[in-house]
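The residues making up each chain are set out below.
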Number of protein chains: 2
Amino acid sequence: MKLTIVRDEFLKGLSIASRAVASKSAIPVLNNLKIELNETGLFITGSNNDLTVQTMVPYNRDGKEIIRNYKEGATLINAKIITEIARRIDSLEITIDVIDSTIAIISDNRSEFKLNCIRAEEYPEVELRGSGTSLVFQNIEFTTLVNQTAFAASQKEQRPILTALNLEAGGGKLVATATDSARMARKTIDIDPGVSFVTNIPAKMMVEVVHLAENAPTIELIVSDKKAISSFGLTTIATRLLSGEYPNTKNIVPKALLYVLEVNAQDTIKAINRASLLSIERENVVNLSMSKNGVEISSKSSQIGSASEKIDVFKYEGGDLEVGFNNEFVLSAIRALGSTDVTIAFVGEMKPFVVRNDLDDSVIQVITPVRIF
Amino acid sequence: MKLTIVRDEFLKGLSIASRAVASKSAIPVLNNLKIELNETGLFITGSNNDLTVQTMVPYNRDGKEIIRNYKEGATLINAKIITEIARRIDSLEITIDVIDSTIAIISDNRSEFKLNCIRAEEYPEVELRGSGTSLVFQNIEFTTLVNQTAFAASQKEQRPILTALNLEAGGGKLVATATDSARMARKTIDIDPGVSFVTNIPAKMMVEVVHLAENAPTIELIVSDKKAISSFGLTTIATRLLSGEYPNTKNIVPKALLYVLEVNAQDTIKAINRASLLSIERENVVNLSMSKNGVEISSKSSQIGSASEKIDVFKYEGGDLEVGFNNEFVLSAIRALGSTDVTIAFVGEMKPFVVRNDLDDSVIQVITPVRIF
């Protein structure tokens, strides 16, 4: 295997594939990237066993030669080292020459690196061209779907199923749901009525796709029984699905909302941010109290002191109410809506409440309050 | 105590004084800032017992009113909380009202914070108007003196004296020396011939002065037996001196330099950065070999591989030599010189070597090599 490649293109490819490489993998071979040059281009693959990212650097792009002076072949090279080498080399091109499948010589006209490498055959088999149900999204559509929901998935591994973004396709709708059991985010978009599936994809993978697909016009998602594959531009990401039953979230969204506030999103974010400064002993707990005298956000620390502020309300329905909530949950729900104004609506002091945008009923955020006394 | 103060000015003052406050002090009262309004202005003081920073916000600046509606007084308020409050409030002004020396009400027209505070009398006595020998520096002169030397002081507390910047004034010269015993940096500048002292100031304090004095035209340093006080603009920093005898560094600078290289600083920094990628088992150790065939920087890892590159040399004196060194030491020495070209000069393979700028003999960097084989 041998090639001379434009440094920026090589570095970009290495950086993309490295997203899947763990900082220290329990499976030593996965500390490497698989680098394979075939008739299509240079394929670079990284994996942490759960998630695999593969990208391709073509021979030419827009009439510009990217790879020249080449001989096909494949090898495994330490992901961190090869990426750092490509980053620190400041020539326009880098030459890679793999000798006997055991040593890769990476060089420009200044520096020469001899890296021990591993035969490509030792890399685990990853199937990236799976069959299954396919959905093609516009980038903005996919990005919004993920950004408005994935943050509400659990970060903890105690109940792995809660780390998923639950996708239900059918009847011309795709419903994405994430919950960590204390809050839930749900987004619904229109899709081809012929598509139908239910699947649980790790929310992290969906976020990774959004991150890497930044400049791609469309994103394809292929869902099968065992895995999900996402493709955009010259990059493919595969992940194992989460097994187990996703909790029934159908009845979580409260119906009889007796207390309704409409507020400016940015002002409310700032007010909650300020009030949360004093939520020290009960970390992140902020109170909201509403009455005819106005709406107040407050927090209290017996050691340090208290914070309170009135927020301007455009619309107010219902009587007096006092609710405590995790300020991070409300902040991320408001931010996820991305709207100028938001509506916060309550059933009662210990019932889940809703954060929504009245101009967009495709997305809803539900948060369980925290007991205050 | 009561005042209404321009928010930006208050926040700036809090941020400056907070530089001295430890993230969690063993002496609880030092988690607070002392805030004192007297006839001169608002004095804000922070301390970690070793280092004290005091700054003043005046009543007026450039004809613009900064503090109004005031009543003199003093209190102690939690440093982190008051600084964060000032940061998150986005009004132009903040009002502070201290009631019974026990509660401070911080408010703008939106938010109100009630903070438990402590009587000012409980703050340790800090003498910031010390007498002693005074030196006044131009900012650039002081900044260069510190930046070219302080980085070479030890970060470790095993031998506290090595965390000092050693200053020797006398005969119209001020010599600043820092060493962590594996390297040494020394800078000499001209001063008033009448000034004479020897002192060991924590290098960290000197770096803090450079940081905080960014926009001050001049910096005064007052040295006494027990402490050093630095003043600039409306800010004063006091620190305890380090006791103990500073090691004799007079004879460390090698004289008979048999091998001399002159190289471009930036190219050499980049080459060392690249080569250091493979210094994995012996962390940070990079080799330099010079012979009639050229000068090469290299490193080697038995597991991963090796790196090598030739560097362009403008001047070359002496025969063949191979030296190993800590790449971080050489990189920081080259950077500290701040020159386009640098000279690296050796006595022999295990003797301290010199990194200097031939156009500026006020500064010299000496580094002990590392054994290679």
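Time to look at the relation of the copies chain A and chain B. Mapping chain A onto chain B leaves a residual RMSD of 0.0 Å; the transformation is a rotation of 180 degrees accompanied by 0.0 Å of translation along its axis. Taken together, the rotation and translation relating the two chain copies correspond to the operation of a two-fold axis. Minimal C-alpha separation from the rotation axis in chain A is found for Ser 23 of chain A, amounting to 15 Å. A share of 100% of the interface residues of chain A reappears at the interface of chain B, consistent with the copies meeting face to face through the same patch.

All right, on to the sheet that holds strand β8 (residues 73-78) of chain A then. All names here are of chain A. Reading across from one edge, β12-β8-β2-β3-β4-β20-β19-β18-β13 is the order of the nine strands in this open sheet, with antiparallel pairing throughout. Among the strands making up the open sheet, the edge pair consists of β12 (118-119) and β13 (133-138). Most of the contacts of helix α2 (residues 79-88) go to β8, to which it runs at about 95 degrees, and overall it touches β2 (32-37) and β8.

A few words on the sheet that holds strand β10 (residues 103-107) of chain A. A sheet is described by the order of its strands in space; here nine strands give the open sequence β7(A)-β1(A)-β9(A)-β10(A)-β11(A)-β24(B)-β23(B)-β22(B)-β26(B), paired in antiparallel fashion. For this open sheet the edge positions go to β7 (67-71) of chain A together with β26 (321-326) of chain B, each flanked by a neighbour on one side alone. This sheet shows a mean twist of 15 degrees between the axes of neighbouring strands, independent of strand direction. Of the strand pairs in this sheet, strand β9 (residues 93-99) of chain A and β10 of chain A are connected by five bridges, and their pairing is antiparallel. Considered in β10 of chain A, the bridge of Thr 95 of chain A is made with Ser 107 of chain A. Its contacts with the sheet place helix α6 (residues 327-337) of chain B against β22 (285-291) and β26 of chain B, and it is angled at close to 85 degrees to β26 of chain B.

Moving on: the interface of chain A and chain B. In this assembly, 31 residues from chain A lie in contact with 31 residues from chain B. The junction of chain A with chain B conceals about 2700 Å² of combined surface from both sides, 49% of it contributed by carbon and sulfur atoms. Between Asp 90 of chain A and Lys 270 of chain B there is a salt bridge, with the nearest N and O atoms lying 3.0 Å from each other. Secondary structure elements with two or more residues in the side of chain A that touches chain B: α2, β11 (111-116), α5 (265-275) and β24 (305-311) of chain A. The residue inventory of the side of chain A that touches chain B, partitioned by class, reads ten nonpolar, ten polar and eleven charged. Where β11 of chain A meets strand β24 (residues 305-311) of chain B, five bridges bridge the pair, whose relative direction is antiparallel. Across the sheet, the residue bridging to Lys 114 of chain A is Ser 306 of chain B, located in β24 of chain B.

It is worth spelling out the domain arrangement of chain A at this point. Looking at chain A, the domain boundaries give domain 1 (2-122), domain 2 (133-240) and domain 3 (259-367). One C-alpha centre belongs to domain 1 of chain A, the other to domain 3 of chain A, and the line joining them spans 49 Å.

For a regular strand, the rule is simple: side chains alternate between the two faces of the sheet. Residue and element names in this part refer to chain A. The buried count for strand β14 (residues 164-170) comes to five of seven residues, which makes it a mostly enclosed element. As paired strands, β14 and strand β17 (residues 197-202) are joined by six bridges and run antiparallel to one another. For Leu 165, the partnering residue across the bridge sits in β17 and is Ile 201. Bridging between β14 and strand β15 (residues 173-179) involves five bridges; their strand directions are antiparallel. Counted as the bridge partner of Asn 166 is Thr 177 from β15. The hairpin formed by β14 and β15 contains two residues between the paired strands, and Gly 171 there has a positive phi angle of roughly 60 degrees.

Cut-offs applied
Residues numbered from 1 in each chain as written. Chains lettered and ligands numbered in written order. Predicted model: local features only at pLDDT ≥ 70, side-chain atom pairs only at ≥ 80, totals over all residues. Heavy atoms only, no water. Least-squares fit on C-alpha atoms with pLDDT ≥ 70 in both. Contact = heavy atoms within 4.5 Å. Pairing = 2+ DSSP bridges. Helix = DSSP H or I, 4+ residues; strand = E, 2+ residues; numbered from the N terminus. Axes fitted to C-alpha atoms, helices over the stretch in contact; angles between N-to-C directions. Buried area = accessible area lost by both parts, 1.4 Å probe. Salt bridge = Lys/Arg side-chain N within 4 Å of Asp/Glu carboxyl O. Nonpolar A, V, L, I, M, F, W, Y, C, P; charged D, E, K, R; others polar. Domains from an automatic or database assignment. Buried < 20%, exposed > 50% of the residue type's maximum accessible area, 1.4 Å probe, protein only.

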